[in-house]
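What follows is each chain in one-letter form.
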Amino acid sequence: MNNRRPIIAGNWKMNKTIAEAVTLIRDIRSGVREIMTVETVVCPPFVALSAVAEVLSHSHIAVAAQNVFYEESGAFTGEISAPMLEGLVDYCIIGHSERRNIFGESDEWVNKKAKALLAHGIIPIICVGESLEQNQAGETDSFVRQQVTAALAGLNADQVASLVIAYEPIWAIGTGLTATPAEANRIIGLTIRGTIADLYGENTAQAVRIQYGGSAKPANIVELMMQPDIDGALVGGASLKADSFVDMVRKTAQLYR
Ligand code: 13P
């Protein structure tokens, strides 16, 4: 057993109007009301953040943004900065593969975003993960190691210890395919935690919480969460319905009684 508090986060992606978001979060709130051992996080679209945060004002559920820009303010049409999110969210996803692949985000940007968030007291959830081609070519370890190293450049050990990292193999996102729990645990433990241990030492590596993402759902959450190095899940599709998301949080809580 380690000291890392499990963290189940729902990434709603580009789904839910404000009204739909409020309905969903009310249902989630009542479903996880008494669960304290597992940290529950929701990541609504930007426009629903205020409404969701208001519903959660007396709740222990945390709120995350799905993206941020690294500059503080200025002529960046359409972007949202860390100072705008400060006080509104606890966490912010950065480097999601959809942002890297569709919107061309580089490792350098992910690193700048991490620094911007930390400067404003927001915990980054840094996503990494390989493509199907890289996986089949046996490049997963070297690619993920390089992504982690680049994302953390210039951060100190205390900052790194506070982070959440999500290992999301791209081929498992929205496909129904999941990495086997043992393989996900190997990448998370040996590759990701191993990289952090090499860079910052074993204590820091043992403090970082690392989630698995990619077709996580009620049917596989227990097996995933039973793996010693997997500290949580970043859930896409299965987080869009209160029933399935609450089920995942509750099943995880049963493992941590
Ligand atoms: P799915 O759970 O829909 O595969 O999405 C995973 C994901 O990308 C979470 O960020």
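Residues numbered from 1 in each chain as written. Predicted model: local features only at pLDDT ≥ 70, side-chain atom pairs only at ≥ 80, totals over all residues. Heavy atoms only, no water.

Glancing now at the overall build of the protein. On a plain count of helices and strands, the protein comes out with 12 helices and 8 strands. With the principal axes as the frame, the protein shows a C-alpha extent of 45 × 45 × 35 Å. Across the 257 residues in the protein, those meeting the buried criterion constitute 53%. Long-range contacts, defined here as pairs at least 24 residues apart, represent 73% of the contacts in the protein between residues at least 6 apart. Accessible area of the protein: about 11200 Å², with a carbon and sulfur share of 53%. If you average the places of the 21 positive and of the 28 negative side-chain charges in the protein, the two averages end up 6 Å apart. (Helix = DSSP H or I, 4+ residues; strand = E, 2+ residues; numbered from the N terminus. Buried < 20%, exposed > 50% of the residue type's maximum accessible area, 1.4 Å probe, protein only. Contact = heavy atoms within 4.5 Å. Areas by Shrake-Rupley, 256 points an atom, 1.4 Å probe, with all protein chains shown as cover. Lys, Arg positive; Asp, Glu negative; His and termini not counted. Charge placed at Lys NZ, Arg CZ, Asp CG, Glu CD.)

Taken together, 13 residues are adjacent to the ligand, and His96, Glu168, Gly174, Ser215 and Gly237 come closest. Alone, the ligand offers 310 Å² of accessible surface; in the complex the protein occludes 95% of this. Class assignment for the residues of the shell around the ligand results in 4 nonpolar, 7 polar and 2 charged. (Near = heavy atom within 4 Å. Nonpolar A, V, L, I, M, F, W, Y, C, P; charged D, E, K, R; others polar.)

Overall, parallel pairing links the 8 strands, which are arranged β1-β2-β3-β4-β5-β6-β7-β8 in a closed barrel. Adjacent strand axes in the sheet meet at a mean angle of 25 degrees, parallel and antiparallel pairs treated alike. Where strand β7 (residues 209–213) lies against strand β8 (residues 232–235), 3 bridges are found, and the strand directions are parallel. What sits directly across from glutamine 211, in β8, is glycine 232. Of the strands in this sheet, β1 (7–11), β2 (39–43) and β8 touch helix α12 (residues 242–255), which is tilted by about 170 degrees from β1. (Pairing = 2+ DSSP bridges. Axes fitted to C-alpha atoms, helices over the stretch in contact; angles between N-to-C directions.)

Let us look at the side chain of aspartate 229. Inspection of the secondary structure assignment puts aspartate 229 in the loop between α11 (221–225) and β8. Apart from the residues within four sequence positions on either side, aspartate 229 is in contact with Arg4, Asn185, Ile188, Gly189, Arg193 and Ile210.

Moving on, we get to the environment of phenylalanine 245. Along the chain, the position of phenylalanine 245 falls in helix α12. Since its relative accessible area comes to 0%, phenylalanine 245 is described here as buried. C-alpha of phenylalanine 245 to C-alpha of proline 228: the two residues are 17 residues apart in sequence and 22 Å apart in space.

This part takes up the packing of aromatic side chains. If you walk through the whole model with that rule in mind, you get 5 aromatic pairs. The side chain of arginine 99 reaches across the aromatic face of phenylalanine 103, ending 4.2 Å from its centre. (Phe/Tyr/Trp six-rings, centres within 6.5 Å; stacked < 30°, edge-to-face > 60°. Lys NZ or Arg CZ within 6 Å of the ring centre and 35° of its normal.)

Turning next to unusual backbone geometry. Phi at lysine 13 is positive, roughly 50 degrees, even though this residue is not glycine. One can find lysine 13 in the loop between β1 and α1 (18–31). Phi at serine 215 takes a positive value of approximately 55 degrees, unusual for a residue other than glycine. Along the chain, serine 215 falls in the loop between β7 and α11. We classify serine 215 as buried; its relative accessible area is 16%.

What follows is about the pattern of salt bridges. Under the definition given, this model contains 14 salt bridges. Two residues, aspartate 107 and arginine 100, come together in a salt bridge whose shortest N-O distance is 2.7 Å. In this structure, aspartate 229 engages arginine 193 in a salt bridge whose closest nitrogen and oxygen atoms are separated by 2.7 Å. One end of the pair, aspartate 229, is in the loop between α11 and β8; the other, arginine 193, is in helix α9 (residues 181–200), with 36 residues separating them in the sequence. We note that aspartate 229, like arginine 193, is buried. (Salt bridge = Lys/Arg side-chain N within 4 Å of Asp/Glu carboxyl O.)

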